[in-house]
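Analysis of the macromolecular model
Chain residues, written in single-letter form:
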Amino acid sequence: MFRDIRKKITLFNTLILIAFLILFIVLLCVVVQWSLSTSGESYLKNVAASVESGNLQSQNEGFLSTTVHEQMGYEYIEWDDKGSVVSQQISNSDLISEGYSLLADSDGTDRYETLKIGDRDYRLYTTAFDKDGKTLTLQVFQDTTTENSVISYIISYLLMIGAAGLLLLIPLSWFLAGRSLRPIRENFELQKKFIADASHELRTPITVIQTNVEVLKMKEDEHISDNMEWLSNIDNECDTMGTLISELLTTAQNEKPEKKEERLRFSMTDLCVETVELMRPLAREKDIRLESAVASGITYFGNPGKIRQLLRIFLDNALKYTPAGGLVVLGLSENKRSIVIKFSDNGLGIPEKDQQKIFSRFYRVDDARSRATGGTGLGLNIADSIVRNSGGKIKLDSEPGKGSCFTVLLPKNANQKI
Ligand code: ADP
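Just so it is clear, the structure is predicted and the values come from calculations on it, not from any experiment.

Rules and cut-offs
- Residues numbered from 1 in each chain as written.
- Predicted model: local features only at pLDDT ≥ 70, side-chain atom pairs only at ≥ 80, totals over all residues.
- Heavy atoms only, no water.
- Axes fitted to C-alpha atoms, helices over the stretch in contact; angles between N-to-C directions.
- Helix = DSSP H or I, 4+ residues; strand = E, 2+ residues; numbered from the N terminus.
- Parallel < 35°, antiparallel > 145°, perpendicular 65-115°, else oblique.
- Left-handed = near helix turned anticlockwise from the far one by under 90°.
- Nonpolar A, V, L, I, M, F, W, Y, C, P; charged D, E, K, R; others polar.
- Near = heavy atom within 4 Å.
- Polar contact = N/O pair within 3.5 Å; in protein donor to acceptor, adjacent residues only side chain to side chain.
- Phe/Tyr/Trp six-rings, centres within 6.5 Å; stacked < 30°, edge-to-face > 60°.
- Buried < 20%, exposed > 50% of the residue type's maximum accessible area, 1.4 Å probe, protein only.
- Lys NZ or Arg CZ within 6 Å of the ring centre and 35° of its normal.
- pLDDT = per-residue confidence, 0-100.
- Contact = heavy atoms within 4.5 Å.
- Patch = residues over 30% accessible without salt bridge, like charges linked within 9 Å, V, L, I, M, F, W, Y side chains within 5 Å.
- Areas by Shrake-Rupley, 256 points an atom, 1.4 Å probe, with all protein chains shown as cover.
- Salt bridge = Lys/Arg side-chain N within 4 Å of Asp/Glu carboxyl O.
- Lys, Arg positive; Asp, Glu negative; His and termini not counted.
- Charge placed at Lys NZ, Arg CZ, Asp CG, Glu CD.
- Pairing = 2+ DSSP bridges.

Next up on the list: the packing of helix 1 (residues 2-53) against helix 4 (residues 145-218). Where helix 1 meets helix 4, the closest approach of the two axes is 8 Å, and the angle between their N-to-C directions is 155 degrees. With respect to helix 4, the axis of helix 1 lies roughly antiparallel. Considering only the axes of helix 1 and helix 4, their crossing is right-handed. Classifying every residue of the contact of helix 1 with helix 4 by side-chain character gives 26 nonpolar, seven polar and five charged.

Right, here's the structure in full:
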């Protein structure tokens, strides 16, 4: 798919370049030809005036410098009204017969024309004037063969340079199209992986539900109360799927925030205390001591909903991965630049090699254990994007068997980054 798009972009760029090249050549030719013919005509007119006055030295400067035309030179024939040559200055004798045949068309008004005599091109100016009581017709010729071949040379050289340029630019355009498509491709691959991982994660609970339903079908004659085990398995898996789906939605929203999230100043101290109290029944149920070391009077400018979600993810993990009898502590303090939230536990700990990876989507250190505790592998990824979107960062100190300490640093100044 990306190869096709790349080909199309390269083709499109090449076509645009060709169109520009042709336009440039056509414009250049039109301008050069127009200015040469205007200045040529004015040069011939000046020559005619000089011939009429008998002073051939006094040709004026034309529109374009007449030097070009002076170098090309001129030839002229002066005819009387009977068609006899009065005076002439020609190097090509064919001009006489050609000039004579053109006399018939002359109606006494000044006119310019171009003609081909033999294999040579000419520009011709015809004018009539009175001299010694006679009406004379003057034809001034300029050989434009060189002028035309110079224009043809320019066109062919420009075409050759343009073609060579295109040959160089096509691979360059191919390369640049590849470079500009790279981030889109990477994003696309990430999305594909995300969808594949999400489908895989959803398939597991569905398989468990299907298996339990099959078991229940075989026990259709039995009482529901005798089969609560299968029903509670289905119930648990439905819960897992529900959590997974809402976390998938959160992940997608965090990735591309549709609208700018609402921010306000709120008491971080109160939020931490509230969240700890909310988690206390769960800690009690798991026989884990949950303590808080929350400094008073700390406020924060941000989205309270997101920060609440962040606190719950870390506390939930700490309670999930700490065995009964363990200790979980939530600490809140502040320094000059940031607000510091610490989640410490003396639970399982995280091996060094996994410490970076646990923030990736769907990564779990112990897959089976995490699944058994209802883990989706998305929690820390969500927490990480909340912290990054707030300009903060997360530090982790952990040792397997001893416990973990996640430290979240949030900048006090909303526009700053840590
Ligand atoms: P899950 O939903 O599986 O908990 P998370 O993204 O929240 O997913 O966490 C990723 C993995 O990091 C977990 O599966 C677990 O292995 C590990 N982990 C997270 N927090 C802790 C912790 N406090 N102690 C030990 N391991 C943890």
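Neighbouring the ligand are 20 residues, the closest being Asn-317, Tyr-321, Ser-370, Thr-376 and Leu-380. Tyr-321 is positioned such that a nitrogen or oxygen atom in its side chain is 2.7 Å from an oxygen atom of the ligand. Top element by residues in the shell around the ligand is helix 7 (residues 304-320). It accounts for three residues. Residues belonging to the shell around the ligand are distributed by class as follows: nine nonpolar, eight polar and three charged.

Further remarks concern the packing of aromatic side chains. This structure, assessed with the given rule, holds eleven aromatic pairs. When the centroid spacing of 5.5 Å and the interplanar angle of 65 degrees are considered together, the rings of Phe-2 and Phe-188 count as edge-to-face. With a gap of 186 residues between them, Phe-2 in helix 1 and Phe-188 in helix 4 connect regions that are remote in the sequence. For Phe-2, a relative accessible area of 10% puts it in the buried group. Taken together through their ring pairs, the aromatic side chains of Phe-314, Phe-343, Phe-359 and Phe-406 make up a single cluster. One Lys or Arg, Arg-6, reaches over the ring of Trp-174 and ends 4.2 Å from the middle of that ring. When the ring centre of Phe-194 is taken as reference, the NZ or CZ atom of Arg-361 above it lies at 4.2 Å.

Attention now goes to the confidence of the model for the protein chain. Overall, the predicted model of the protein chain reaches an average pLDDT of 89, with 96% of residues at or above 70. Note on residues 58-65: pLDDT is under 50 here. Beyond four places in sequence and across chains, it has 19 contacts.

A few words now on a nonpolar patch on the surface. A cluster of nonpolar side chains, contributed by Leu-11, Leu-15, Ile-18, Ile-22, Val-26 and Val-30, occupies part of the molecular surface with about 530 Å² of accessible area. What makes Val-26 partly exposed here is its relative accessible area of 46%.

A few words now on a positive patch on the surface. Taken together, the side chains of Arg-337, Lys-342, Lys-393 and Lys-395 define a basic patch exposed on the protein surface. Tracing the sequence through the fold places Lys-395 in strand 11 (residues 393-399).

Before going further, it helps to examine the sheet that holds strand 11. Taken together, the five strands give an open sheet; going across it, the order is 7-9-10-12-11, and neighbouring strands pair in mixed fashion. The two strands at the open ends of the sheet, each matched to only one other strand, are strand 7 (289-294) and strand 11. Taken over all neighbouring pairs, the strand axes of this sheet differ in orientation by 10 degrees on average, direction set aside. Note: strand 11 against strand 12 (residues 403-411), seven bridges, orientation antiparallel. Looking at strand 12, one finds that Leu-396 is bridged to Phe-406. Taken strand by strand, helix 6 (residues 268-285) contacts strand 7, strand 9 (327-334), strand 10 (338-345) and strand 12, and its axis lies near 175 degrees from that of strand 7.

Two faces make up the sheet, and in a regular strand the side chains alternate between them. Here strand 5 (residues 134-143) lies mainly inside the structure; eight of its ten residues are buried. Where strand 1 (residues 75-79) and strand 5 come together, five bridges link them in antiparallel fashion. Its bridge partner being in strand 5, Glu-75 is matched across the sheet by Phe-141. Across ten bridges, strand 4 (residues 120-131) lies against strand 5 in antiparallel orientation. The partner of Tyr-122 across the bridge, within strand 5, is Asp-143. The antiparallel hairpin formed by strand 4 and strand 5 contains two residues in its connecting segment, where Asp-132 sits at a positive phi of about 50 degrees.

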